[in-house]
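Below, each chain spelled out in residue letters.
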Amino acid sequence: MDNFVFDLGGVLLNLPVEMAEERFDGKIRDILVKDICNSEEWKNLDRGTTTEAAATASFISRHAEFEREIVYFMNNWVDWFVPKTKTVKVIQYLKNSGKKLYILSNFHKKAYETIRERYDFFDIFDGGVISAYVHQLKPEKIIYETLINKYSLIPEKTVFIDDSPSNISAAAETGINSVLADDLDKALNCLLGMIPV
């Protein structure tokens, strides 16, 4: 394999859902996990077709009794991102092995710009496609084609790691090899196994 493509949330960074589960209890935790982080508004933020202010207002309209908690979450969740240490080590190893590295992720524009500035390991990557900039979302086939065309990737020489089965299936439809990160350690070891010793 020549090219390795990484998802962000769940693979390189922890997920907003994980943050909500760690920091909140009771009904507001359920609202954040089951509604807000899995809402159409969240998807539209990932797609870059709405604003955080508009999404927040929509969330509050459904859950007015938790306005303070919702505003707090929306204002702070990006600052709670924690890189997954083993993934960072793996991308460094792959880069040192002469492989090309890319990102393919559904991510809010403002959030991506914040973490991109915060963590210097992003400099290891050779490029990527972030959903909010292209107004496309995984698992839509077009976003994989956008990545392939932008960097002239050969799908058969490219492997994609993601924690979503639907995203993995969509990548396979374009000919990209895929590794499901339902068990991240196992998935990362699988990537390392693709590199000749």
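The structure under discussion appears in the preceding block.
Reference entry: report on the structure contained in this document. Note that this is a predicted model, so its numbers are computed, not measured. (Residues numbered from 1 in each chain as written. Predicted model: local features only at pLDDT ≥ 70, side-chain atom pairs only at ≥ 80, totals over all residues. Heavy atoms only, no water.)

Regarding its fold elements, the chain presents 11 helices and five strands. Taken over C-alpha atoms, the radius of gyration comes to 17 Å for the chain, in line with the 16 Å a tight globule of 197 residues would show. Expressed as lengths along the three principal axes of its C-alpha atoms, the size of the chain is roughly 55 × 30 × 30 Å. Counting the 197 residues in the chain, one finds 49% classified as buried. Long-range pairs, those at least 24 residues apart, make up 66% of the contacts in the chain with a sequence separation of at least 6. Surface exposure of the chain reaches about 9500 Å², of which carbon and sulfur atoms provide 49%. Each charge sign in the chain was given a centre, from 23 positive and 30 negative side chains, and these centres are 4 Å apart. (Helix = DSSP H or I, 4+ residues; strand = E, 2+ residues; numbered from the N terminus. Rg over C-alpha atoms; globule rule 2.2 N^0.38 Å. Buried < 20%, exposed > 50% of the residue type's maximum accessible area, 1.4 Å probe, protein only. Contact = heavy atoms within 4.5 Å. Areas by Shrake-Rupley, 256 points an atom, 1.4 Å probe, with all protein chains shown as cover. Lys, Arg positive; Asp, Glu negative; His and termini not counted. Charge placed at Lys NZ, Arg CZ, Asp CG, Glu CD.)

All told, the structure shown has 17 aromatic pairs when counted by the stated rule. A centroid spacing of 5.7 Å and a plane angle of 50° characterise the contact between Y72 and W80, whose relative ring orientation is tilted. Among the residues examined, W80 registers a relative accessible area of 12% and is labelled buried. Relative to F81, the ring of W77 lies with its centre 5.4 Å away and its plane at 65°, an arrangement referred to as edge-to-face. Of the two residues, W77 and F81, neither departs from the other in class, the shared state being buried. (Phe/Tyr/Trp six-rings, centres within 6.5 Å; stacked < 30°, edge-to-face > 60°.)

Further remarks concern the environment of V90. Tracing the backbone through its elements, the reader meets V90 in helix α6 (residues 85-96). Take V90: its relative accessible area is 4%, and that puts it in the buried class. With 62 residues separating them along the chain, V90 and S152 place their C-alpha atoms 24 Å apart. Setting aside anything within four residues of it in sequence, one finds V90 in contact with L188 and L192.

So, about the packing of helix α1 (residues 16-23) against helix α2 (residues 26-35). Where α1 meets α2, the closest approach of the two axes is 9 Å, and the angle between their N-to-C directions is 175°. The angle between the axes of α1 and α2 places the two elements in the roughly antiparallel class. Together, V17, A20 and E21 of α1 and R29, L32 and V33 of α2 make up the contact between the two elements. Counted by class, the contact of α1 with α2 contains four nonpolar, no polar and two charged residues. (Axes fitted to C-alpha atoms, helices over the stretch in contact; angles between N-to-C directions. Parallel < 35°, antiparallel > 145°, perpendicular 65-115°, else oblique. Nonpolar A, V, L, I, M, F, W, Y, C, P; charged D, E, K, R; others polar.)

With that out of the way, let us pick up the pattern of salt bridges. Inspection of the entire model under this criterion finds 14 salt bridges. In this structure, E65 engages K27 in a salt bridge whose closest nitrogen and oxygen atoms are separated by 3.6 Å. Of this pair, E65 sits in the loop between α4 (52-62) and α5 (67-76) while K27 sits in helix α2, and the two are 38 residues apart along the sequence. Accessibility classification places E65 together with K27 in one group, the exposed group. In this structure, the salt-bridge partner of E40 is K43, at a minimum N-O distance of 3.6 Å. Of the two residues, E40 and K43 are both situated in helix α3 (residues 40-47); the distance of three residues between them amounts to about one turn of the helix. Owing to a relative accessible area of 40%, K43 belongs among the partly exposed residues under this scheme. One connected set of salt bridges, linked through shared partners, spans D7, K138 and D162. (Salt bridge = Lys/Arg side-chain N within 4 Å of Asp/Glu carboxyl O.)

A few words on the sheet that holds strand β3 (residues 127-130). With parallel pairing, the five strands of this open sheet are ordered in space as β3-β2-β1-β4-β5. The open sheet is flanked by β3 and β5 (177-180), the only strands paired with a single partner. Mean inter-strand twist for the sheet, computed between neighbouring axes without regard to direction, equals 20°. Note: strand β1 (residues 3-6) against strand β2 (residues 100-105), four bridges, orientation parallel. (Pairing = 2+ DSSP bridges.)

Turning next to the environment of T49. Assignment of secondary structure puts T49 in the loop between α3 and α4. On the basis of relative accessibility, which here comes to 48%, the residue T49 falls in the partly exposed class. Between the C-alpha atom of T49 and that of R118, which follows or precedes it by 69 residues, the distance is 24 Å. Residues contacting T49, with those up to four places away along its chain left out, are N44 and H135.

Read these as spatial facts, not as claims about activity.
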